[in-house]
Each structure stands twice: as structure tokens, then as C-alpha cells.
Amino acid sequence: DNVKKYFPVVGGVFLRQQGWVHAVDRVSLEVHAGETLGLVGESGCGKTTLGRCIMGLYPITSGAIRFKGQDLSGLDRSAQRRMRLKMQMIFQDPFESLNQRHTVRQILGEKYWIHKKREPNLDQTLARLLETVGLGPRALERFPHEFSGGQRQRIGIARAISLGPELIVCDEPVSALDVSVQSQILNLLLTLQKQMGLTYLFISHDLSVVRHVSDRIAVMYLGRIVEMADRDDLFSNPSHPYTRALLSAIPVADPSMVRQRTILKGEIPSPENPPKGCRFHTRCPEVMAVCKQEEPRLQLIDQAGNNHFAACHLLQDLAFLKK
Ligand code: SF4
């Protein structure tokens, strides 16, 4: 709810603070139980920072993060730890996120030790866990470097589901993997979601991947949500110029289909000094004078009952918004 995460910029001879990086700026969104909310945007738009804030890996600058209605910042340490049992994260690079000097038994068993969960027959439990993610029990004795990238991500998934979480933040879980392995991991995540009733916040820069797994999609640009809608609605009726540009960049399998491609000019501006008004105005093909002065609000743009929100001055003309 209205989450901000600013990082201090330190520099100069005396290492003084020189400004702030506005990584996440007044972001509000909800993830409903049992669904997958996809969060997409270019590198540096703040999506991973938001995921880490939700997991408590970064303290937030202001705003609130609630899990099942409970404000996580208002809890004492032990209550936070209990609550966090229900929230886990799968990281982008399974090689980086697994301790290379620990065996898989140690990596998976650590969670039970940290959270003081007694398991009379831990080896059997861990073997079952490995089986759930498509690995055999012999993996327990091996080290992460002995596995392929896809297998390592399976170990990362096993670690995330080991203590029965409800919400998993998946941070680019397949972008470090070969394309041939990506679909296996995505399908594993979907199967586990059905079996365990999991809720996912799925972070990715790849819209095709997000389309495959998500029920709803939020599009992020320079620390702000610019559009949010049900998956099919977003793909069939993208309303924000940034979303339209992202969609136009998705490759089409059929070469006979010609699609108008929107090429965005320039680089994403620095989050240290975001542009005034609409943050997308420096690259928007439809920029107007008002865009450079006033920041558009994220508002409901569909009166047919679809939860379709967008933040763009072009949409101010929709008659029902004025009522
Ligand atoms: Fe483009 Fe203006 Fe809409 Fe921003 S508000 S996306 S600059 S048209």
C-alpha cells in the first residue's frame, strides 16, 4: 500500500549522501489468494526491489506491506518470522542463491533448523520434497555445482515450498535458463500451484513468459505501476503507450503476420532523477504538453466490470472517468 523504497546515493571524497534512487515510488497492488500476478517491466524499473521489499529483504522507506491483512512492519521479530514462513522467494540465478559449499541435504534442511521445525525423519521428508520437484533422493548428497541450471532451479523451488508457504515471490525464475528448460520450470510452478494452492507474484521482463503463467498482469515503469489488468484483457486491449510498445516487441511465430512495431526512443531515465509529470513522457510516442507537467493517476478505465487500470492522460477523455 503506497510503498516507497528509496536508496541513498553516496559519493564524493567524503562519501556524502548526494541524492536518492527512487527505485519504487508509491506503488499499491494486491495479490489475491490462489492467483498469479505477473509484474513486468524493463531492467531497472523497480520490480525486483518491490519483490524484495515484500519479502522483508529491504526495509521500505514508507507505505505498508500487508499479508492477509496484517501489516508486517507492525509485528515483533518472532511474529514476523512466523508470518514469513508463509512467504518465500525463488531467485533469478539458482547458482548464486544456493550455497556452493553445502550439499542439497544441508540447503534444504537449513530451513527446518532456522524455523525450529522438528522432523523426526528429515531425510525421508527431503527425499519426498525432491521427488515433488522432479529430482531423485540421490541429489541429497550432491553439491549445487554438480547440477544443471534447470536442476538447480528445481532445488531452489524445493527450498521455497519446503515449509508449506502460501505466497511465493518468483523473481525472474527462468530468465537465467536455456529456453528449452524454461517451459519445464514454468510448468512445474503451475503444477505446484494447483497441488498446494499457492499464490505467486511472478516478476519477469519477458511478457511471453508472464502471459503463460499469470491471471493478472501489472506493468511497471521507473518505479511506478502504469497499467494493471486481467491477462487476456491486457493483451487484447493494452491502453498505456508503454504497454503497447512492450507488446509490439513480442516476436510472432508466424512470419507471414506483420505487426506494427513501436520502437521506443532513448534509454529509461535515471531513477535518481525521474522526469517531472508522466515518467514515460521522455520516450512516449504520444506525449502531450500536459504530460510534462502533471503525473497521471492510476485509475479504472473499464466500465464493463473488468479490473483494468492505467495511468495516462490520453485516457482522461473516457466519459465515465469524468462522472
Ligand atoms: Fe504518454 Fe502522456 Fe500517457 Fe504519459 S501520460 S503515457 S506521456 S500520453
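Residues numbered from 1 in each chain as written. Predicted model: local features only at pLDDT ≥ 70, side-chain atom pairs only at ≥ 80, totals over all residues. Heavy atoms only, no water.

Asks: Mind showing me how you'd approach the sheet that holds strand β3 (residues 36–40) here?
Replies: What links the strands of a sheet is backbone hydrogen bonding, and the strands pair in either a parallel or an antiparallel sense. Pairing is mixed in the open sheet, where eight strands are placed in the order β6-β7-β8-β3-β9-β10-β12-β11. Taken across any chain shown, the strands that pair with only one partner, and hence form the sheet edges, are β6 (87–90) and β11 (299–300). Pairing of strand β9 (residues 216–221) with strand β10 (residues 224–230) involves six bridges; the strand directions are antiparallel. Directly across from R216, in β10, lies its bridge partner D230. Where helix α10 (residues 241–248) meets the sheet, its contacts fall on β9 and β10, and the angle it forms with β9 comes to roughly 105 degrees. (Pairing = 2+ DSSP bridges. Helix = DSSP H or I, 4+ residues; strand = E, 2+ residues; numbered from the N terminus. Contact = heavy atoms within 4.5 Å. Axes fitted to C-alpha atoms, helices over the stretch in contact; angles between N-to-C directions.)

Asks: Looking at this structure, how should I read the pairing of strand β2 (residues 16–27)?
Replies: The two faces of a sheet get side chains in turn, since along a regular strand they alternate between them. The pairing of strand β1 (residues 3–11) with β2 spans eight bridges and is antiparallel. Looking across to β2, one finds that V9 is bridged to G19.

Asks: Which parts of the structure should I look at to understand empty space enclosed by the protein?
Replies: Empty space among the atoms becomes visible once a probe the size of a water molecule is rolled across them. Enumeration over the complete set of coordinates arrives at one cavity of 30 Å³ or more. The space that makes up the largest cavity amounts to roughly 60 Å³. Lining the largest cavity are H240, P241, C278, F280, C284, E286, C291, A311, C312 and H313. Taken together, the residues of the lining of the largest cavity break down into seven nonpolar, two polar and one charged. (1 Å grid on protein atoms, 1.4 Å probe; cavity = no way out; pocket = protein on both sides within 12 Å on 5 of 7 lines; lining within 4 Å. Points joined across faces, edges and corners; volume = space filled by probe spheres on them. Nonpolar A, V, L, I, M, F, W, Y, C, P; charged D, E, K, R; others polar.)

Asks: Before we go on, may I ask you to explain the packing of helix α4 (residues 104–114) against helix α5 (residues 122–132) in this structure?
Replies: Helix packing for two helices is described by the angle between their axes and how far apart those axes are. Following both chains from N to C, one finds α4 and α5 inclined at 110 degrees, their axes separated by 11 Å at the closest point. One finds that α4 runs roughly perpendicular with respect to α5. Facing V104, R105, L108, G109 and Y112 of α4, the residues of α5 in contact are L122, D123, T125, L126, L129 and L130. Here the residues of the contact of α4 with α5 sort into seven nonpolar, two polar and two charged. (Parallel < 35°, antiparallel > 145°, perpendicular 65-115°, else oblique.)

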